[in-house]
Amino acid sequence: MASSFLSKSLTLLPNAAALFSLMLQMTGIDQLIRPESALELWRFPSPSGEPTELHAAATTDAATNANTLRDLIHGLVRREGVRNIALGIVGLATYYRGDRKLLGCVVFCGCFTAFSDGLISRAVIGGEELRHWVFLPFMLGTAAGLLGWSE
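Quick look at the structure, then. All of these numbers come straight from a predicted model, not from anything done at the bench. (Residues numbered from 1 in each chain as written. Predicted model: local features only at pLDDT ≥ 70, side-chain atom pairs only at ≥ 80, totals over all residues. Heavy atoms only, no water.)

### Describing the state of the cysteines
Quick reminder of the rule: When the sulfur atoms of two cysteines come within 2.5 Å, that pair is taken as a disulfide. Burial status follows relative accessibility: with a 1.4 Å probe on protein chains alone, a residue under 20% of its type maximum counts as buried, one over 50% as exposed, and anything between as partly exposed.
In this structure the tally under the stated criterion is zero disulfides. Note on C109: no disulfide assigned, nearest cysteine sulfur contributed by C105 at a separation of 6.7 Å. When its relative accessible area of 43% is taken as the criterion, C109 is described as partly exposed. Here C111 stays free of any disulfide, with the sulfur of C109 as its closest cysteine sulfur at 8.7 Å.

This is the structure in structure tokens:
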């Protein structure tokens, strides 16, 4: 009975790691193409750049500042999107290479990303860190299995 479980886990763990990589890439593509949508998904505030939303008697300076702030925030979201795409590519490349230990290291590094994203969420919006941390037990378990820590 144990041998059939082990043979299934030989493919299950790398496939789970590939799934994490694909999820990262899809999130990154969304962040890159539609930063406003990504901000809504993670419940981060987003300036619209509309001067009437800043205050009723908006000035040209206020509109310029709002546009600059919006461009900055969208640029940072896109930067995070590129990070997610790159980490996803590394995970998939390692998956296709077939190196279980290295794949475990990549997934383990992804845990740091998810953990820090949760901390940033807590600092910026005062919560919602569980939207990032919900993946940690699964990622840690996958990494531990691929690295041979569970044997």
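Having put the structure on the table, let's press on.
### Section: helix α5 (residues 100-125)
Basically, it comes down to this: The helix count covers DSSP runs of H or I at least four residues long, the strand count covers runs of E at least two residues long, and both are numbered beginning at the N terminus. What a helix is expected to span follows from its residue count: subtract one and scale by 1.5 Å. Pairing of N or O atoms within 3.5 Å defines a polar contact, subject to two protein rules: one partner must be a possible hydrogen donor and the other a possible acceptor, and residues neighboring in sequence count only if both atoms are side-chain atoms.
Its 26 residues give α5 an end-to-end C-alpha distance of 37 Å, which sits within 8% of 38 Å, the value for a rise of 1.5 Å per residue. For α5, the complete set of buried residues consists of L103, G104, V106, V107, G110, C111, T113, A114, D117, G118 and S121. Its side-chain oxygen at 3.2 Å from the backbone nitrogen of K101, D99 defines the N-terminal cap of α5.

### Focus on the packing of aromatic side chains
Ring pairs (aromatic) are described by centroid distance and by the angle formed between their planes. Quick reminder of the rule: Only Phe, Tyr and Trp rings take part, Trp by its six-membered ring, and two of them pair if their centres are within 6.5 Å. Stacked means planes under 30 degrees apart, edge-to-face means over 60, and tilted covers everything else.
Counted by the stated rule, this structure contains four aromatic pairs. A centroid spacing of 5.3 Å and a plane angle of 70° characterise the contact between Y95 and Y96, whose relative ring orientation is edge-to-face.

### Examining the packing of α5 against helix α7 (residues 136-147)
Keep this limit in mind: Axis angles are defined between N-to-C directions and span 0 to 180 degrees, where every axis is a line fitted to C-alpha atoms and, for a helix, only to the segment in contact. Roughly parallel here means an angle under 35 degrees, roughly antiparallel means over 145, roughly perpendicular means 65 to 115, and every remaining angle is called oblique. Left-handed describes a crossing in which the near helix is turned anticlockwise from the far one by less than a right angle; the clockwise case is right-handed. Contacts are assigned to residue pairs that have any heavy atoms within 4.5 Å of one another. Residue classes follow a fixed rule: Ala, Val, Leu, Ile, Met, Phe, Trp, Tyr, Cys and Pro count as nonpolar, while Asp, Glu, Lys and Arg count as charged, and any other residue, Gly among them, counts as polar.
The geometry of α5 relative to α7 is characterised by a closest axis approach of 8 Å and an angle of 160° between their N-to-C directions. Judged by the inter-axis angle, α5 sits roughly antiparallel to α7. Considering the relative orientation of α5 and α7, their crossing is left-handed. Contact residues: R100, K101, L103, G104, C105, V107, F108, G110, C111, A114 and F115 in α5; L136, M139, L140, T142, A143, G145, L146 and L147 in α7. Here the contact of α5 with α7 is composed, by residue class, of 13 nonpolar, four polar and two charged.

### Remarks on the side chain of H132
Among the structural elements, H132 can be located in helix α6 (residues 130-133). H132 has contacts with W42, A114, D117, G118 and S121, leaving out every residue within four places of it along the chain.

### Quick look at the pattern of salt bridges
The criterion, for reference: Salt bridge criterion: a side-chain nitrogen from Lys or Arg within 4 Å of a carboxyl oxygen from Asp or Glu.
Enumeration according to the criterion identifies seven salt bridges in this entry. Two residues, R43 and E128, come together in a salt bridge whose shortest N-O distance is 3.2 Å. With a gap of 85 residues between them, R43 in the loop between α2 (35-41) and α3 (51-54) and E128 in the loop between α5 and α6 connect regions that are remote in the sequence. Note on R43: relative accessible area 48%, which makes it partly exposed. Overall, the relative accessible area of 32% leaves E128 in the partly exposed class. Each of R43, E128 and R131 takes part in one network of salt bridges that share partners.

Honestly, that's just the spatial picture; any functional story needs more than this.
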